[in-house]
Amino acid sequence: MRQSQLFTKTRKEIPSDETSKNAELLIRAGFIHKEQAGVYSILPLGLMVVSKIKQIVSEEMKSVGSTELLMSSLQSKELWEKTDRWNDEKVDVWFKSQLKNGTEVGFGWSHEEPITSLMTYHVKSYNDLPVYVHQFQNKLRNEVRAKAGIMRCREFIMKDMYSYSTNEEEHMNFYNKTIEAYKKVFERVGLGGNTFVTSASGGVFTDKFSHEFQTICDAGEDNIYVHKDGKLALNEEVFNDKTLADLNVEKSDFEMKKAAEVGNIFTFGTKKCEELGLYFNDSDGEKKGVFLGSYGIGITRLMGVLAEVFSDDKGLSWPKEVSPFHVHLVRLGVNGTTVSFADKVYDDLKSNGFTVLYDDRDLRAGEKFADSDLIGIPVRFVISDKTVAEEKIEVKKRKESESEVVSLDVALKNL
RNA sequence: CGGAGUGUAGUGUAACGGCUAACAUUCCUGUUUUGGGAACAGGCGACUCUGGGUUCGAAUCCCAGCACUCCGACCA
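Definitions and cut-offs
Residues numbered from 1 in each chain as written. Chains lettered and ligands numbered in written order. Predicted model: local features only at pLDDT ≥ 70, side-chain atom pairs only at ≥ 80, totals over all residues. Heavy atoms only, no water. Pairing = 2+ DSSP bridges. Helix = DSSP H or I, 4+ residues; strand = E, 2+ residues; numbered from the N terminus. Axes fitted to C-alpha atoms, helices over the stretch in contact; angles between N-to-C directions. Parallel < 35°, antiparallel > 145°, perpendicular 65-115°, else oblique. Contact = heavy atoms within 4.5 Å. Buried < 20%, exposed > 50% of the residue type's maximum accessible area, 1.4 Å probe, protein only. Polar contact = N/O pair within 3.5 Å; in protein donor to acceptor, adjacent residues only side chain to side chain. pLDDT = per-residue confidence, 0-100. Domains from an automatic or database assignment. Buried area = accessible area lost by both parts, 1.4 Å probe. Salt bridge = Lys/Arg side-chain N within 4 Å of Asp/Glu carboxyl O.

As for the pairing of strand β23 (residues 403-406)
Where strand β22 (residues 393-397) meets β23, 4 bridges bridge the pair, whose relative direction is antiparallel. Counterpart to Lys396 in the pairing with β23 is Ser403. Counting the residues in the hairpin turn of β22 and β23 gives 5 residues.

The following block contains the structure:
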């Protein structure tokens, strides 16, 4: 798109009410807008990043056999009472309201209950299982304290996936496939090297262990212990003598790191489905409870982690896979030849299937470069009165300081 | 939810209890400029978070509320 049509403005000044790097940069560059503490609107550039992340997650979820749906945000009290999770003493993040007639409703902070209830209408037999579904949805959680920019919000986008299996073995098969799929997600968004699968407690979800995906990041809220082999990692909450003994490892082989939880997976077992009346008839005619698993990735939090990890003193620096555009085409100068050449390159890039942010504004070079660095598209093409004579383009990568002047054909190889 | 701090043009800051609340930036007009956030001139923009109180006089002091940030507790 033409940058002259992008309504968002960049800011030089750091917002005084933000101290986290992710929020500072994302706000300054025009990716998000703060509405309240822990509540952010997503602006066009931010939405492009969110869409890229969603696309990657969606592809990987589909690769393990999940189909996408979209649950409602308003939820009924009765369902959550069946599993004893309506009570504010049990779940303290509920936002609740009531209908005009006094009926109480909750705003979805998670969807195990409603989606399991939904499944009772569709799952009757072992022939109907397994079922894997996921959605991208705005979760509402009444966090006592929002913090760290978009890392912990009261409203945020989450991918949640649910698996319904006939037995534990079938469940574990999917669970393990999902671990691999999650690893691919984090590799694809550029965080493969610093994201660890860690064992953690199940929290309010389950009595069993769960697995978290933790990305090493100063803005994170968790402390994890990474084993020197680089493969095993444990959350602080389960880093104790018993766990170490169970795993047969030495405490001294671990190093503590600050990390942000970008994904997690839980095994529920059959209890919740039984509480909500989700049973199936097995091949021998026996009625059995369905085996449930739950799998989350915080999409907006992931954007925050990406901003934290991929940025420098000049601004954001997106990995190629999640950048809002493939290339930032910066035009310097307004003489006719330069403009028409830049317009042509813009059209050529688009027709080659690339997404382009075309800085067609009549501003000085310094301001354009500063904006370009701040927004952080990985590749910049500069067209100016200097380069236009030979119909060349100056290519500069966001992470590098040198640039080269080449023809369009050569420049394309950088994308 | 405990503790600490901060609320002044869109943004970032200043102003001893005392003149029309200042400066920078953004934005608007114009001139000149055009490879790292240009220069000059003019202009718009603030009931100083809200409500009380002290005082001849409050952005400034006091109280309450609200908002925001940080620390802790909590936490997918």
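Here the narrative resumes, following the displayed structure.
Some thoughts on the packing of helix α1 (residues 21-28) against helix α8 (residues 299-309)
Remark: α1 packs on α8, axes separated minimally by 8 Å, with the N-to-C direction vectors making an angle of 95 degrees. Here α8 runs roughly perpendicular to α1, going by the angle between their axes. Counting all contacts with α1, which are made through Lys21, Asn22, Leu25 and Leu26, the residues of α8 involved are Met303, Gly304, Ala307 and Glu308.

A few points about the side chain of Ser311
Mapped onto the elements, Ser311 comes out in strand β17 (residues 311-312). The exposure class assigned to Ser311 is buried, which follows from its relative accessible area of 17%. Among the polar contacts made by the side chain of Ser311, one reaches the main-chain carbonyl oxygen of Ala307 at a distance of 2.7 Å. A polar contact of 3.4 Å, which involves the side chain of Ser311, links it to the backbone oxygen of Glu308. Not counting residues up to four positions away in its chain, the partners in contact with Ser311 are Lys21, Leu25, Leu316 and Ser317.

A few points about the sheet that holds strand β5 (residues 95-98)
An order of β4-β6-β5 is seen for the 3 strands of this open sheet, with the pairing classed as antiparallel. Every other strand in the sheet has two partners, leaving β4 (74-76) and β5 as the edge strands with one partner each. Along the sheet, successive strands turn relative to each other by an average axial angle of 40 degrees, direction set aside. Sheet topology note: the β4/strand β6 (residues 104-107) ladder contains 3 bridges and is antiparallel. Considered in β6, the bridge of Ser76 is made with Val105.

Details of the confidence of the model for chain A
The predicted coordinates ought not to be read in detail in places where the model reports low pLDDT. Overall, the prediction assigns chain A a mean pLDDT of 91, with 98% of residues at 70 or greater. Taken together, the stretch residues 203-207 has pLDDT below 50 and engages in 12 contacts with residues farther than four places along the chain or on a different chain.

Some words on the domain arrangement of chain A
Each domain of chain A was delimited in the assignment, giving domain 1 (3-312) and domain 2 (327-412). Contacts between the two partners involve 11 residues from domain 1 and, on the opposite side, 11 residues from domain 2. Buried area between domain 1 and domain 2, summed over both chains or domains, comes out near 950 Å², and the portion from carbon and sulfur atoms is 54%. Among the residues domain 1 hides against domain 2, the three largest losses belong to Gln3, Ser4 and Thr10. Together they make up 55% of the total. For the pair domain 1 and domain 2, the interface holds 1 salt bridge. Residue Asp312 is joined to Arg398 by a salt bridge in which the shortest nitrogen-to-oxygen separation is 2.8 Å. Seen at the junction of domain 1 and domain 2, the total is 6 residue pairs in polar contact (both at pLDDT 80 or more).

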